[in-house]
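A look at the structure
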Amino acid sequence: MTQDELKQAVARTAIEYVVDGDIIGVGTGSTANFFIDELALVKHRIKGAVASSEATAARLRGHDILVFDLNDVTSIAVYVDGADEITASGAMIKGGGAALTREKIVASVARQFVCIADGSKLVDVLGQFPLPVEVLPMARAAVMRELAKLGGQPRLRLQANGQDAFITDNGAMIVDVVGLKIVDPVALEREINHIAGVVAVGLFAQRGADVCLLGTPGGVRKLTF
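Each chain carries its own residue numbering, running from 1 in the written order of its sequence. In view of the model being predicted, local features appear only for residues whose pLDDT reaches at least 70, and side-chain atom pairs are presented and counted only at 80 or more, with totals across whole chains, interfaces and linings using the full set of residues. Note: side-chain values were computed over all heavy atoms of the structure, leaving out hydrogens and water.

**Let's talk about the pattern of salt bridges**
- A carboxyl oxygen of Asp or Glu within 4 Å of a side-chain nitrogen of Lys or Arg is what we treat as a salt bridge. Applying the stated criterion to the full structure yields 12 salt bridges.
- A salt bridge links D210 to R207; its shortest N-O distance comes to 3.0 Å.
- Put simply, D81, K94 and E103 are held in one network by salt bridges that share partners.

Okay, here's the thing in structure tokens:
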């Protein structure tokens, strides 16, 4: 099976977690896009969705799925999103698509967090994938100095032209930290969150996944945490 076929398989399985008559939180990225396409087939069953990015909102609206502002929602039954890396304990690195802050916010409101990913995303120790950190523009250099003290190499994420800084939906920048071996993701998440100028870090460990659906050649593997 191709990687896209594995992603589609877990996206289809994730529909089992959709709660009829409720609002669904939807993440950002290629695997989440497959879930949106599957969700469109059962859109009559739900009230609508809360999106974690402008790109996700646009894709949902393209399928005529009602998109709610989170401020107008009191609860979300389930949040479905992908991961760049995930451990057997449910801790994740997310933010490859630069939507980590909104993803964290929507996930915090949901009663259940379902991670969907292909099997290659399951790792023993987080850190092979660069750790994204969203920062306020004025604090970029100061934050990068503090991140360097943690043992990694911080790099400013650039746009496709390779020159201009990538700007998030929140008007902030992304610093990707490479070379980390994250043996205690909860502690590192707290430490980075305390750096002045950090908006959010792409470690989802204090609030990790409740369920992970992994696409493998032998079928969808389910992990619960």
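**Some remarks on the nonpolar core**
- Side-chain atoms within 4.5 Å link the members of a nonpolar core, which is a set of buried Ala, Val, Leu, Ile, Met, Phe, Trp, Tyr and Cys residues. Accessible area is worked out with a 1.4 Å probe on protein chains only. A residue is then buried under 20% of its type maximum, exposed over 50%, and partly exposed in between. Of all hydrophobic cores here, the largest spans 26 residues; its most connected members are V26, F35, L39, L60, V114, I116 and L213.
- In DSSP terms, a helix is any run of H or I states spanning at least four residues, a strand is any run of E spanning at least two, and both are numbered starting from the N terminus. Going through the elements one at a time, α1 (3-14), β1 (23-26), α2 (30-39), β2 (48-51), α3 (54-62), β4 (78-81), β7 (113-118) and β13 (211-216) are the ones with two or more residues in this core.
- Ignoring any residue separated from it by four or fewer positions in sequence, one finds V114 in contact with Y17, V78, Y79, V80, D81, V211 and L213.
- In terms of nonpolar packing, the next biggest core, distinct from the first, is built from 24 residues, I93, V143, M144 and M173 among them. Note on contacts: a residue pair is in contact if any heavy atoms of the two residues lie within 4.5 Å.

**What to know about the packing of α1 against α2**
- Interaxial angles span 0 to 180 degrees and are taken between N-to-C directions of axes, which are lines fitted to C-alpha atoms, for helices over the stretch in contact. Relative to each other, α1 and α2 sit at 50°, their axes nearing to 8 Å. Considering the angle they form, α1 stands oblique to α2. Judged by the twist between their axes, the crossing of α1 over α2 is right-handed. Each of D4, K7, Q8, V10, A11, R12 and A14 in α1 lies in contact with α2, whose residues at this interface are S30, T31, F34, F35 and E38.
- When residues are grouped by polarity, Ala, Val, Leu, Ile, Met, Phe, Trp, Tyr, Cys and Pro land in nonpolar, Asp, Glu, Lys and Arg in charged, and all others, Gly among them, in polar. Considering only residue class, the contact of α1 with α2 consists of 5 nonpolar, 3 polar and 4 charged. Should an angle fall under 35 degrees it is called roughly parallel, over 145 degrees roughly antiparallel, and 65 to 115 degrees roughly perpendicular, with every other angle called oblique. Helix crossings are classified by the rotation of the near helix relative to the far one: an anticlockwise turn of less than a right angle makes the crossing left-handed, while a clockwise turn makes it right-handed.

**A few points about α2**
- Within the sequence span of α2, burial applies to T31, A32, F35, I36, E38 and L39. On an axial view of α2, the arc spanned by its buried residues comes to 165°, and they lie on one face.
- If you follow the buried residues of α2, they end up packed against α1, β1, α3, β4 and β7. For this quantity, the arc is that covered by the directions from the helix axis to the C-beta atoms.

Everything listed is a geometric property; what it means functionally is a separate question.
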